[in-house]
Amino acid sequence: MLIFKGCFLHYPNVLPSQITAEQIRQYVLHKSKIDNIGERTQGQIINAFASFYKRLLHQEEKLSLLKRPKMPKDLPNIFSKEEIERLLNGIRNLKHKTLLLLVYSAGLRKREIKNMRIDDILFDRKAIFVRCSKGKKDRYVMLAEKAAKYVKFYLEQYKPKYWLFEGEHGGQYSETSIQKIFTKAKTQSNVNPYVTFHGLRHTFATHSYENNIPLKLIQDLLGHNSIKTTEVYLHISDK
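Rules of the game
- Residues numbered from 1 in each chain as written.
- Predicted model: local features only at pLDDT ≥ 70, side-chain atom pairs only at ≥ 80, totals over all residues.
- Heavy atoms only, no water.
- Pairing = 2+ DSSP bridges.
- Helix = DSSP H or I, 4+ residues; strand = E, 2+ residues; numbered from the N terminus.
- Axes fitted to C-alpha atoms, helices over the stretch in contact; angles between N-to-C directions.
- Parallel < 35°, antiparallel > 145°, perpendicular 65-115°, else oblique.
- Contact = heavy atoms within 4.5 Å.
- Nonpolar A, V, L, I, M, F, W, Y, C, P; charged D, E, K, R; others polar.
- Core = buried A, V, L, I, M, F, W, Y, C linked by side-chain atoms within 4.5 Å.
- Buried < 20%, exposed > 50% of the residue type's maximum accessible area, 1.4 Å probe, protein only.
- Phe/Tyr/Trp six-rings, centres within 6.5 Å; stacked < 30°, edge-to-face > 60°.
- Lys NZ or Arg CZ within 6 Å of the ring centre and 35° of its normal.
- Polar contact = N/O pair within 3.5 Å; in protein donor to acceptor, adjacent residues only side chain to side chain.

Caption draft 1: Looking closely at the sheet that holds strand 1 (residues 121-122). As summarised here, the arrangement of the three strands in space is 1-2-3, forming an open sheet in which the pairing is antiparallel. Two strands bound the open sheet, and with one partner strand each, they are strand 1 and strand 3 (139-142). Across two bridges, strand 1 lies against strand 2 (residues 127-130) in antiparallel orientation. Looking at the pairing, L122 lines up with A127 of strand 2.

Quick look at the structure:
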């Protein structure tokens, strides 16, 4: 609503239905220069005009001169190998350490580690079965040797019944609890504060590429539909 108010105040003597395509274009340019707005905000302004003139007034021609700005492609933040060591070595709780070690070493999403069952850890195959992931797809990922040792020790100590990681009173760990584990570990180890939980997955992919694992295999391990999605790690890697 504020977007329209600003535009209509910019042309106080013109009815909204009589504003021309050129006037709309000039207003968007004015906003981008005066307010120094970014590409995403420009896109939001254009979306607002599209809804108003195309859907409400049925004056789609008013949008003919608007060009959407090219959106910036933000590269994800990742941990360095030294930071990963510091992050994991600083965790004293065995369950928390095993959980984050699995996430990093297998490139798992938060929901994937939450929904993991004990039976999904295939020690004999050195693999992890990830069920019904994003896009409702199943996939196998590698079970790193160090992670396998920690999982075995964790299972002996905690004896979960069904889910690999269960709450204090049984049942699945919540995503909120998993996030708290990561946030606490990140704060205590004094690593890059801008890396998100999903950044562990990005870190896994980048480090895998730096360790000469083929990009196509990384794509399969991450469960990406397109190799172009995986290619972002070419730009993050220090290779």
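From this point, the discussion proceeds with the structure in view.
Caption draft 2: Just the packing of helix 4 (residues 81-89) against helix 5 (residues 94-106), in detail. Between helix 4 and helix 5, the shortest axis-to-axis distance is 10 Å and the interhelical angle comes to 155°. The pairing of helix 4 with helix 5 is recorded here as roughly antiparallel in orientation. Across the interface between the two elements, I84, L88 and N89 from helix 4 touch K97, L100, L101 and Y104 from helix 5. Broken down by class, the residue content of the contact of helix 4 with helix 5 amounts to five nonpolar, one polar and one charged.

Caption draft 3: Spotlight on the nonpolar core. Residues L99, L100, L102, I113, I128 and L200 are the most contacted members of the largest nonpolar core, which totals 44 residues. When contributions to this core are tallied by element, the ones reaching two or more residues are helix 4, helix 5, strand 2, helix 7 (145-158), helix 8 (175-189), helix 9 (198-210) and helix 10 (215-222). Not counting the four nearest positions on each side in its chain, I113 is found in contact with L99, L102, V103, L108, F165 and I178. Residues I19, I37, F49 and Y53 belong to the second largest nonpolar core, which totals 15 residues.

Caption draft 4: Structural context of the packing of aromatic side chains. Applying the stated criterion across every chain, the model contains nine aromatic pairs. Ring centres of Y154 and Y158 lie 5.1 Å apart, and the angle between their planes is 35°; on these two criteria the pair is classed as tilted. Residue Y154 and its partner Y158 are located together in helix 7, separated by four residues, close to a single helical turn. Exposure remark for Y158: the relative accessible area of 38% places this residue in the partly exposed category. One aromatic cluster in this structure is built from Y27, F49, F52 and Y53. Over the ring of F197 we find K110; its NZ or CZ atom is 5.4 Å from the centre of that ring.

Caption draft 5: Inspection of the pairing of strand 3 at higher detail. The side-chain alternation of strand 3 yields one buried face, formed by R139 and V141, and one unburied face, formed by Y140 and M142. Judged from the four bridges that link them, strand 2 and strand 3 form a sheet pairing that is antiparallel. In the sheet register, V130 faces strand 3, and the bridge partner there is R139.

Caption draft 6: How the structure looks around the side chain of E112. Mapped onto the fold, E112 is located in helix 6 (residues 110-114). Judged by relative accessible area, which is 7%, E112 ranks as buried. One polar contact links E112 to R109, side chain to side chain, over a distance of 2.7 Å.

Caption draft 7: How the structure looks around the environment of E210. Locating E210 in the fold gives a position in helix 9. Taking the C-alpha atoms as reference, E210 lies 9.2 Å from L234; in sequence the two are 24 residues apart.

Caption draft 8: How the structure looks around the pairing of strand 2. Side chains of strand 2 alternate between two faces, with A127 and F129 and I128 and V130 buried alike. Between strand 1 and the antiparallel strand that follows it, strand 2, lie four residues; K126 among them carries a positive phi value of about 55°.

By themselves, these observations are geometric and do not establish any function.
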